[in-house]
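# A closer look at the structure
Here is what each chain is made of, one letter per residue.
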Amino acid sequence: MDRKHIFFCHKWFEDYTSPYHCPDAEIEKNIILKLRHTYRVCENITKIARSLGMKEEDLALAKALALFHDVGRFEQLRVFGSFNDSTTVDHALLGLKVINSSGVLSCLPKKERNLIRKSIWHHNKYQIPVTEKADVTLFSRLIRDADKLDILGIIAEHFETRYQHPNQALDLGLTDDLKLTEEAVSDILQERMVRIGALRTLGDMRLMYSSWIFDINFPITLAYVKERGYQERLLADLSLQPEIIQVRDFLQAYLEKRSRMSI
Ligand SMILES: [Fe+2]
(Lines give C-alpha, C1' and ligand atoms only; values in the text may rest on other atoms or scores of the structure.)
Protein backbone atom coordinates (compact mmCIF):
# COMPACT_ATOMS: atom_id res chain seq x y z
CA MET A 1 0.00 0.00 0.00
CA ASP A 2 1.26 3.49 -0.82
CA ARG A 3 0.51 7.06 0.30
CA LYS A 4 -1.99 7.64 -2.50
CA HIS A 5 -4.11 4.77 -1.28
CA ILE A 6 -4.02 5.99 2.31
CA PHE A 7 -5.34 9.34 1.09
CA PHE A 8 -8.17 7.50 -0.67
CA CYS A 9 -8.93 5.49 2.53
CA HIS A 10 -9.12 8.71 4.58
CA LYS A 11 -11.50 10.26 2.08
CA TRP A 12 -13.68 7.12 2.11
CA PHE A 13 -13.75 7.10 5.92
CA GLU A 14 -14.78 10.76 6.09
CA ASP A 15 -17.50 10.26 3.46
CA TYR A 16 -18.77 7.11 5.16
CA THR A 17 -18.95 8.59 8.66
CA SER A 18 -20.25 12.10 7.88
CA PRO A 19 -23.97 11.08 7.56
CA TYR A 20 -23.81 9.62 11.08
CA HIS A 21 -23.63 13.08 12.66
CA CYS A 22 -26.88 13.46 14.56
CA PRO A 23 -29.01 16.18 16.22
CA ASP A 24 -29.38 13.95 19.32
CA ALA A 25 -26.63 15.32 21.62
CA GLU A 26 -26.06 11.97 23.38
CA ILE A 27 -25.47 10.12 20.07
CA GLU A 28 -23.45 12.98 18.54
CA LYS A 29 -21.11 13.05 21.56
CA ASN A 30 -20.27 9.41 20.94
CA ILE A 31 -19.91 9.82 17.16
CA ILE A 32 -17.29 12.51 17.85
CA LEU A 33 -15.72 10.27 20.49
CA LYS A 34 -15.34 7.41 17.96
CA LEU A 35 -14.01 9.70 15.22
CA ARG A 36 -11.35 11.11 17.55
CA HIS A 37 -10.60 7.62 18.85
CA THR A 38 -10.03 6.38 15.29
CA TYR A 39 -7.60 9.19 14.45
CA ARG A 40 -5.67 8.69 17.70
CA VAL A 41 -5.47 4.93 17.03
CA CYS A 42 -3.94 5.83 13.63
CA GLU A 43 -1.28 7.87 15.47
CA ASN A 44 -0.72 5.12 18.05
CA ILE A 45 -0.29 2.38 15.48
CA THR A 46 2.22 4.49 13.55
CA LYS A 47 4.30 5.08 16.69
CA ILE A 48 4.22 1.40 17.63
CA ALA A 49 5.01 0.20 14.09
CA ARG A 50 7.90 2.70 13.83
CA SER A 51 9.29 1.46 17.17
CA LEU A 52 9.50 -1.99 15.56
CA GLY A 53 11.35 -0.62 12.51
CA MET A 54 8.58 -1.56 10.08
CA LYS A 55 8.99 -0.38 6.49
CA GLU A 56 6.92 2.45 4.95
CA GLU A 57 4.49 0.26 2.97
CA ASP A 58 3.68 -1.76 6.10
CA LEU A 59 3.22 1.49 8.05
CA ALA A 60 0.66 2.59 5.45
CA LEU A 61 -1.13 -0.74 5.73
CA ALA A 62 -1.18 -0.48 9.53
CA LYS A 63 -2.59 3.04 9.26
CA ALA A 64 -5.39 1.85 6.95
CA LEU A 65 -6.18 -0.94 9.42
CA ALA A 66 -6.44 1.61 12.24
CA LEU A 67 -8.70 3.82 10.14
CA PHE A 68 -11.09 0.94 9.42
CA HIS A 69 -10.93 -1.06 12.67
CA ASP A 70 -14.00 0.58 14.28
CA VAL A 71 -16.09 1.39 11.20
CA GLY A 72 -18.86 -0.83 12.65
CA ARG A 73 -19.17 1.40 15.74
CA PHE A 74 -21.07 4.08 13.80
CA GLU A 75 -23.89 1.80 12.67
CA GLN A 76 -23.92 0.10 16.10
CA LEU A 77 -24.40 3.48 17.75
CA ARG A 78 -27.10 4.55 15.28
CA VAL A 79 -29.13 1.35 15.65
CA PHE A 80 -28.58 0.46 19.33
CA GLY A 81 -27.21 3.65 20.95
CA SER A 82 -24.74 1.39 22.72
CA PHE A 83 -21.12 0.18 22.55
CA ASN A 84 -21.87 -3.08 24.35
CA ASP A 85 -21.14 -5.86 21.84
CA SER A 86 -22.39 -8.55 24.19
CA THR A 87 -25.93 -7.11 24.20
CA THR A 88 -26.02 -5.67 20.66
CA VAL A 89 -23.76 -6.85 17.85
CA ASP A 90 -20.09 -7.68 17.26
CA HIS A 91 -18.87 -4.32 15.94
CA ALA A 92 -15.92 -5.95 14.13
CA LEU A 93 -18.33 -8.17 12.17
CA LEU A 94 -20.56 -5.20 11.41
CA GLY A 95 -17.53 -3.18 10.26
CA LEU A 96 -16.40 -6.00 7.94
CA LYS A 97 -19.85 -6.09 6.33
CA VAL A 98 -19.63 -2.33 5.68
CA ILE A 99 -16.09 -2.59 4.27
CA ASN A 100 -16.86 -5.58 2.07
CA SER A 101 -19.99 -4.08 0.57
CA SER A 102 -18.29 -0.69 -0.03
CA GLY A 103 -15.42 -2.13 -2.08
CA VAL A 104 -12.97 0.28 -0.42
CA LEU A 105 -10.31 -2.43 -0.25
CA SER A 106 -10.89 -3.80 -3.75
CA CYS A 107 -7.90 -2.09 -5.36
CA LEU A 108 -5.48 -3.68 -2.88
CA PRO A 109 -3.69 -6.98 -3.57
CA LYS A 110 -5.60 -9.94 -2.13
CA LYS A 111 -2.95 -10.56 0.55
CA GLU A 112 -3.23 -6.99 1.91
CA ARG A 113 -7.02 -7.09 1.76
CA ASN A 114 -7.11 -10.25 3.80
CA LEU A 115 -4.55 -8.94 6.26
CA ILE A 116 -6.73 -5.90 6.99
CA ARG A 117 -9.95 -7.91 7.17
CA LYS A 118 -8.58 -10.58 9.50
CA SER A 119 -6.91 -8.02 11.76
CA ILE A 120 -10.20 -6.08 12.05
CA TRP A 121 -11.90 -9.34 13.01
CA HIS A 122 -9.27 -10.07 15.67
CA HIS A 123 -9.08 -6.54 17.09
CA ASN A 124 -11.92 -6.99 19.61
CA LYS A 125 -11.70 -10.71 20.34
CA TYR A 126 -10.51 -12.13 23.66
CA GLN A 127 -7.39 -13.50 21.99
CA ILE A 128 -5.76 -14.11 18.60
CA PRO A 129 -5.86 -17.84 17.71
CA VAL A 130 -2.40 -19.42 18.02
CA THR A 131 -2.94 -21.02 14.61
CA GLU A 132 -3.12 -17.61 12.88
CA LYS A 133 -0.45 -16.77 10.26
CA ALA A 134 2.55 -14.69 11.37
CA ASP A 135 1.72 -11.53 9.36
CA VAL A 136 -1.93 -11.51 10.50
CA THR A 137 -0.79 -12.06 14.10
CA LEU A 138 1.64 -9.13 13.88
CA PHE A 139 -0.93 -6.70 12.46
CA SER A 140 -3.60 -7.93 14.87
CA ARG A 141 -1.23 -7.31 17.77
CA LEU A 142 -0.50 -3.84 16.44
CA ILE A 143 -4.15 -2.84 16.25
CA ARG A 144 -4.96 -4.41 19.61
CA ASP A 145 -2.19 -2.40 21.31
CA ALA A 146 -2.98 0.86 19.49
CA ASP A 147 -6.70 0.47 20.28
CA LYS A 148 -6.25 -0.50 23.94
CA LEU A 149 -3.84 2.36 24.55
CA ASP A 150 -6.41 4.90 23.43
CA ILE A 151 -9.38 3.23 25.13
CA LEU A 152 -7.50 3.16 28.45
CA GLY A 153 -7.11 6.95 28.18
CA ILE A 154 -10.80 7.43 27.34
CA ILE A 155 -11.96 5.22 30.21
CA ALA A 156 -9.55 6.65 32.80
CA GLU A 157 -10.87 10.13 31.94
CA HIS A 158 -14.46 8.87 31.94
CA PHE A 159 -14.15 7.59 35.49
CA GLU A 160 -12.53 10.83 36.61
CA THR A 161 -15.33 12.98 35.16
CA ARG A 162 -18.43 10.77 34.90
CA TYR A 163 -20.44 12.68 37.51
CA GLN A 164 -19.88 16.01 35.71
CA HIS A 165 -20.06 14.47 32.20
CA PRO A 166 -22.09 11.24 32.29
CA ASN A 167 -21.90 8.94 29.27
CA GLN A 168 -24.16 5.89 29.56
CA ALA A 169 -22.63 4.23 26.50
CA LEU A 170 -19.25 4.05 28.29
CA ASP A 171 -20.87 2.55 31.43
CA LEU A 172 -22.06 -0.45 29.35
CA GLY A 173 -25.32 -0.55 31.35
CA LEU A 174 -23.56 -1.68 34.57
CA THR A 175 -24.67 -0.72 38.08
CA ASP A 176 -22.95 2.23 39.72
CA ASP A 177 -21.37 0.14 42.44
CA LEU A 178 -17.71 -0.36 43.30
CA LYS A 179 -18.18 -3.91 44.64
CA LEU A 180 -15.88 -6.41 42.92
CA THR A 181 -17.05 -9.75 41.51
CA GLU A 182 -15.00 -12.75 42.61
CA GLU A 183 -14.48 -13.98 39.03
CA ALA A 184 -12.96 -10.65 37.95
CA VAL A 185 -10.56 -10.60 40.94
CA SER A 186 -9.60 -14.21 40.38
CA ASP A 187 -8.90 -13.63 36.66
CA ILE A 188 -6.49 -10.83 37.48
CA LEU A 189 -4.63 -12.87 40.08
CA GLN A 190 -4.09 -15.51 37.37
CA GLU A 191 -2.77 -12.95 34.83
CA ARG A 192 -5.92 -13.29 32.73
CA MET A 193 -7.94 -10.52 31.12
CA VAL A 194 -11.37 -10.13 32.70
CA ARG A 195 -14.10 -11.03 30.20
CA ILE A 196 -16.84 -8.53 29.49
CA GLY A 197 -19.46 -11.19 30.35
CA ALA A 198 -18.12 -11.37 33.93
CA LEU A 199 -18.85 -7.70 34.66
CA ARG A 200 -21.59 -6.89 37.18
CA THR A 201 -20.61 -3.45 38.48
CA LEU A 202 -18.61 -0.39 37.45
CA GLY A 203 -15.99 -1.62 39.94
CA ASP A 204 -15.62 -4.78 37.83
CA MET A 205 -15.33 -2.63 34.74
CA ARG A 206 -12.38 -0.80 36.28
CA LEU A 207 -10.79 -4.20 36.91
CA MET A 208 -11.44 -5.34 33.35
CA TYR A 209 -9.69 -2.34 31.81
CA SER A 210 -6.80 -2.71 34.28
CA SER A 211 -6.46 -6.35 33.26
CA TRP A 212 -5.84 -5.33 29.65
CA ILE A 213 -2.21 -4.94 30.68
CA PHE A 214 -1.96 -8.75 30.32
CA ASP A 215 -2.65 -8.37 26.60
CA ILE A 216 -0.21 -5.57 25.77
CA ASN A 217 2.24 -6.83 23.17
CA PHE A 218 4.92 -4.20 22.55
CA PRO A 219 7.39 -2.40 24.88
CA ILE A 220 6.47 1.09 23.63
CA THR A 221 2.76 0.53 24.43
CA LEU A 222 3.65 -0.69 27.90
CA ALA A 223 5.86 2.37 28.42
CA TYR A 224 2.96 4.69 27.50
CA VAL A 225 0.57 2.84 29.85
CA LYS A 226 3.07 3.28 32.67
CA GLU A 227 3.94 6.89 31.87
CA ARG A 228 0.26 7.93 31.73
CA GLY A 229 -0.55 6.17 35.01
CA TYR A 230 -3.58 4.31 33.63
CA GLN A 231 -3.40 1.53 36.26
CA GLU A 232 -3.43 3.95 39.19
CA ARG A 233 -6.13 6.13 37.62
CA LEU A 234 -8.47 3.22 36.87
CA LEU A 235 -8.20 1.76 40.35
CA ALA A 236 -8.17 5.08 42.24
CA ASP A 237 -11.71 4.94 43.62
CA LEU A 238 -11.63 1.29 44.67
CA SER A 239 -9.54 1.88 47.79
CA LEU A 240 -12.30 0.77 50.20
CA GLN A 241 -12.80 -2.61 48.53
CA PRO A 242 -11.10 -5.31 50.66
CA GLU A 243 -9.64 -7.21 47.67
CA ILE A 244 -8.13 -4.15 46.06
CA ILE A 245 -4.76 -4.11 47.85
CA GLN A 246 -3.88 -7.58 46.56
CA VAL A 247 -5.11 -6.75 43.05
CA ARG A 248 -3.30 -3.41 42.92
CA ASP A 249 -0.02 -4.90 44.16
CA PHE A 250 -0.31 -7.79 41.72
CA LEU A 251 -0.91 -5.49 38.73
CA GLN A 252 1.89 -3.15 39.81
CA ALA A 253 4.34 -6.06 40.13
CA TYR A 254 3.28 -7.39 36.73
CA LEU A 255 3.80 -3.98 35.12
CA GLU A 256 7.29 -3.71 36.65
CA LYS A 257 8.18 -7.27 35.62
CA ARG A 258 7.09 -6.66 32.00
CA SER A 259 8.89 -3.31 31.88
CA ARG A 260 12.15 -4.93 32.99
CA MET A 261 11.72 -7.69 30.38
CA SER A 262 11.36 -5.15 27.58
CA ILE A 263 14.50 -3.12 28.34
FE1 LIG B 1 -13.21 -1.68 18.30
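Just so it is clear, the model here is predicted, and its values are computed rather than measured.

Glancing now at the nonpolar core. Met1, Phe68, Ile116, Leu142, Leu207 and Tyr209 are the most contacted members of the largest nonpolar core, which has 85 residues in total. Element by element, the count of residues in this core is highest for helix H7 (residues 134-161), at 12 residues. Sequence-distant contacts of isoleucine 116, that is, excluding residues within four places in its chain, are made with Met1, Leu61, Ala64, Leu65, Phe68, Leu105 and Leu108.

Turning our attention to the coordination of the iron ion. Listed as protein donors to the iron ion are Asp70 (OD), His91 (NE2) and His123 (NE2); their distances from the metal cover 2.1 to 2.2 Å. Between consecutive donors of the iron ion, the numbers of intervening residues give the motif D-x20-H-x31-H. Here histidine 91 is found in helix H5 (residues 91-102), whereas its partner histidine 123 is found in helix H6 (residues 110-123), with 32 residues between them in sequence. Here the two residues histidine 91 and histidine 123 agree in accessibility, since each one is buried.

Right, let's talk about helix H3 (residues 56-68) for a bit. Helical periodicity: at 3.6 residues per turn, an α-helix aligns residues three or four positions apart in one direction. A rise of 1.5 Å per residue sets the reference length of H3, with its 13 residues, at 18 Å; its end C-alpha atoms lie 19 Å apart and thus fit the reference within 8%. Residues Leu59, Ala60, Leu61, Ala62, Ala64, Leu65, Ala66, Leu67 and Phe68 constitute the buried set of H3. For H3, the elements touching its buried residues are helix H1 (3-17), helix H2 (25-51), H5, H6 and H7.

Scanning the entire structure with this criterion turns up 8 aromatic pairs. For the ring pair tryptophan 12 and tyrosine 16, a centre distance of 5.2 Å and an interplane angle of 5 degrees mean the geometry is stacked. In this pair, tryptophan 12 and tyrosine 16 are both assigned in helix H1, 4 residues apart and thus about one turn of the helix distant. Each member of the pair, tryptophan 12 together with tyrosine 16, is buried. Ring centres of tyrosine 209 and tryptophan 212 lie 4.8 Å apart, and the angle between their planes is 75 degrees; this geometry places the pair in the edge-to-face category. Of the residues examined, tyrosine 209 reaches a relative accessible area of 8% and is grouped as buried. Through a chain of ring-to-ring contacts, the aromatic side chains of Trp12, Phe13, Tyr16, Tyr20, Tyr39, Phe68 and Phe74 assemble into a single cluster. A cation over a ring is seen here: lysine 125 above tryptophan 121, with NZ or CZ 3.6 Å from the ring centre. Here lysine 148 stacks its cationic end above the ring of tryptophan 212, 5.4 Å away from the centre of that ring.

Thresholds, definitions, all that
- Residues numbered from 1 in each chain as written.
- Predicted model: local features only at pLDDT ≥ 70, side-chain atom pairs only at ≥ 80, totals over all residues.
- Heavy atoms only, no water.
- Core = buried A, V, L, I, M, F, W, Y, C linked by side-chain atoms within 4.5 Å.
- Buried < 20%, exposed > 50% of the residue type's maximum accessible area, 1.4 Å probe, protein only.
- Helix = DSSP H or I, 4+ residues; strand = E, 2+ residues; numbered from the N terminus.
- Contact = heavy atoms within 4.5 Å.
- Donors = N, O, S within 2.8 Å, 3.2 Å for Na, K, Ca; no water.
- Expected span 1.5 Å × (residues − 1).
- Phe/Tyr/Trp six-rings, centres within 6.5 Å; stacked < 30°, edge-to-face > 60°.
- Lys NZ or Arg CZ within 6 Å of the ring centre and 35° of its normal.

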